[in-house]
Amino acid sequence: MIIPLAHRADQTQEYYFSVKLAEVRRLQAAGHDVINIAIGNPDMMPSDATLDALATSVRQPGAHGYQPYKGTPGLRQAIARFYAHTYGVVLDPDTEILPLIGSKEGITHISLTFLNDGDGVLVPELGYPAYRAVSRMLGATVREYPLLEHGGWQPDWEAMTALVTEAPADRPVKIIWLNYPHMPTGAPATRALFERAVRFAHDHRVLLCHDNPYSLILNKKPPISLLAVDGAGDVAIELNSMSKSHNMAGWRLGWMAAAKPYVDAVLAIKSNVDSGQFKPIMEAAAEALDNSDDWHRQRNDVYQGRLDAVHAFLNALGCTYSTDQEGLFIWAKLPDSVPSAEALVDDLLYNKHIFIAPGFIFGPKGERYVRMSLCMPRERIEEAVGRLAVPLPKQS
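Predicted model, so just to flag it, every value in this text is computed and none were measured. (Residues numbered from 1 in each chain as written. Predicted model: local features only at pLDDT ≥ 70, side-chain atom pairs only at ≥ 80, totals over all residues. Heavy atoms only, no water.)

Student: Lay out the side chain of Thr50 in plain terms, naming residues and giving numbers.
Tutor: Its location among the elements puts Thr50 in helix H3 (residues 48-57). Residues within four places of Thr50 in sequence aside, it is in contact with Met248, Trp251, Ala284, Glu287, Ala288 and Asn291. (Helix = DSSP H or I, 4+ residues; strand = E, 2+ residues; numbered from the N terminus. Contact = heavy atoms within 4.5 Å.)

Right, dumping it as structure tokens:
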């Protein structure tokens with residue numbers, strides 16, 4: 001290269017799945033049938049109404065030009081209806097909703113909007129790697145807060161208080177990332193948790209950012225939003241997404257919901273970074289957000305069947321896991337007889353042609369864990385269970 005890399009590029013590693021999926025493709029190119037039970041890439045279709053809306057919109061005059069930076073009014077209104085129906089939360093579609101090119105993009109926009117160099121960011125010690133990666137790219141100070149393994153993977157609030165109060169005055173903690181139902185552990189969201197988080201944000205004057213893409217996947221109770229808690233509007237932003245809940249991961253459409261000052265601030269950054277979304281995708285997403293409760297139940301019935309097969313796979317490995325998990329993944333602890341998650345994952349990939357995720361990619365506390373996805377037909381997961389019956393080759 002003719003010039004050196006920026007410091008942020010030196011400090012950022014390629015995403016684990018980007019590297020590992022390249023290995024999966026090499027095995028497949030060599031003729032191996034790899035069963036991928038690692039990635040949260042929904043394999044089922046969007047609703048027929050969603051696809052019909054896309055097909056209709058794409059042929060309309062004016063569909064292919066630039067659209068408003070805030071998305072179409074129809075999409076924002078559909079998001080507001082979805083929040084009212086799903087969570088009982090009333091949002092103003094004109095001022096409190098900002099569509100995004102996927103909620104992952106929102107992590108970057110929010111961070112660009114509110115973080116200065118050196119500012120503190122609290123991220124869960126087990127969580128989506130983008131919270132850490134984006135914060136570090138921007139020169140923020142990442143402070144990991146503990147999750148209580150024997151307390152349902154809930155935050156350790158006393159430890160979080162110490163992280164905030166002991167931060168240097170010139171590097172204050174400004175943002176907390178929260179994600180429930182939690183990925184990767186599957187810990188459910190509860191109103192008590194969200195009430196505690198909102199109180200914490202008020203008490204310590206920090207911005208509470210809640211990432212909420214899994215609330216409709218195998219939820220055992222009615223789904224809830226952080227924004228349903230009194231006082232949340234003053235201190236919180238919630239991200240949400242079409243990817244998992246509506247089988248639309250590749251469409252790249254999500255949103256942030258928050259009080260108008262937060263939306264306006266993020267829009268100022270976002271409007272200088274991208275030029276909005278494709279109108280037919282937004283119109284199809286608006287249709288998808290009106291999917292019936294029956295549509296969601298049918299999708300979850302499929303995931304339940306796959307969950308039973310994943311449990312059989314984990315039982316064959318001797319893993320332990322909670323049956324209270326929600327969302328698209330299953331988090332399981334390795335038996336003492338397995339020396340490391342990384343070695344197990346590689347053995348399964350190269351000798352059984354089964355790909356599951358090691359827990360350490362979500363944080364050091366995941367060293368003794370693995371994560372499996374429900375984004376694979378039940379028959380294929382059962383085939384993976386059958387492959388486990390054949391002993392692994394002895395390692396030299």
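There is more to say, and it comes next.
Student: Give me the sheet that holds strand E10 (residues 254-258): which residues, what numbers.
Tutor: Pairing between the strands of a sheet is mediated by backbone hydrogen bonds and can be parallel or antiparallel. As summarised here, the arrangement of the seven strands in space is E2-E10-E9-E8-E7-E3-E4, forming an open sheet in which the pairing is mixed. Of all the strands in the sheet, the pair left with one neighbour each is strand E2 (97-100) and strand E4 (141-145). Taken over all neighbouring pairs, the strand axes of this sheet differ in orientation by 20 degrees on average, direction set aside. Sheet topology note: the strand E7 (residues 173-178)/strand E8 (residues 207-211) ladder contains four bridges and is parallel. Opposite Ile175, over in E8, you have Leu207 as the bridge partner. Strands in contact with helix H7 (residues 157-165) are strand E3 (120-124), E4 and E7; relative to E4, the strand with the most contacts, it is inclined by about 160 degrees. Against the sheet, helix H10 (residues 260-270) makes contact with E2, E8, strand E9 (236-241) and E10, and its axis sits at roughly 30 degrees relative to E2, the strand it touches most. (Pairing = 2+ DSSP bridges. Axes fitted to C-alpha atoms, helices over the stretch in contact; angles between N-to-C directions.)

Student: Quick rundown of the packing of aromatic side chains? Include the residues and the values.
Tutor: One pass over the full model with this rule turns up 13 aromatic pairs. Aromatic side chains Phe82 and Tyr87 sit 6.0 Å apart centroid to centroid with 90 degrees between the ring planes, which places their arrangement in the edge-to-face category. In this structure Phe82 comes out as buried when scored by relative accessible area, which is 5%. Taking relative accessible area as the criterion, Tyr87 reaches 9% and is therefore assigned buried. Relative to Trp177, the ring of Tyr131 lies with its centre 5.1 Å away and its plane at 10 degrees, an arrangement referred to as stacked. Linking Tyr131 in helix H6 (residues 129-137) with Trp177 in strand E7, this pair joins segments that are 46 residues apart in sequence. Residue Tyr131 shares its accessibility class with Trp177, and that shared class is buried. (Phe/Tyr/Trp six-rings, centres within 6.5 Å; stacked < 30°, edge-to-face > 60°. Buried < 20%, exposed > 50% of the residue type's maximum accessible area, 1.4 Å probe, protein only.)

Student: Please set out the nonpolar core residue by residue, giving values where relevant.
Tutor: Counting residues in hydrophobic clusters, the biggest one holds 127 residues, and the most contacted among them are Trp177 and Met256. Taken domain by domain, this core gets at least three of its residues from each of domain 1 (7-45 + 294-389) and domain 2 (64-291). If sequence neighbours within four positions are ignored, Met256 has contacts with Glu96, Ile97, Leu98, Leu100, Ile237, Glu238, Leu239, Tyr262, Val263 and Val266. (Core = buried A, V, L, I, M, F, W, Y, C linked by side-chain atoms within 4.5 Å. Domains from an automatic or database assignment.)

Student: An account of the sheet that holds strand E14 (residues 357-358) is requested, with residue identities and associated values reported.
Tutor: Read from one edge to the other, the open sheet built from four strands follows the order E11-E12-E15-E14, with strand pairing classed as antiparallel. Single-partner strands in this sheet number two, and they are strand E11 (320-321) and E14. Two strands pair when backbone bridges link them, and E14 and strand E15 (residues 369-373) are joined in this way by two bridges, in the antiparallel orientation. Counted as the bridge partner of Ala357 is Arg371 from E15.

Student: Please provide a residue-by-residue account of the UniProt feature "domain: Aminotransferase class I/classII large" (unreviewed entry) in the chain, values included.
Tutor: Here, the residues flagged by UniProt with the feature "domain: Aminotransferase class I/classII large" (unreviewed entry) are residues 33-388. Between the C-alpha atoms that bound residues 33-388 the distance is 15 Å, and the span itself is 40% helix and 16% strand. (UniProt positions renumbered as here; feature names shortened; annotations may be inferred.)

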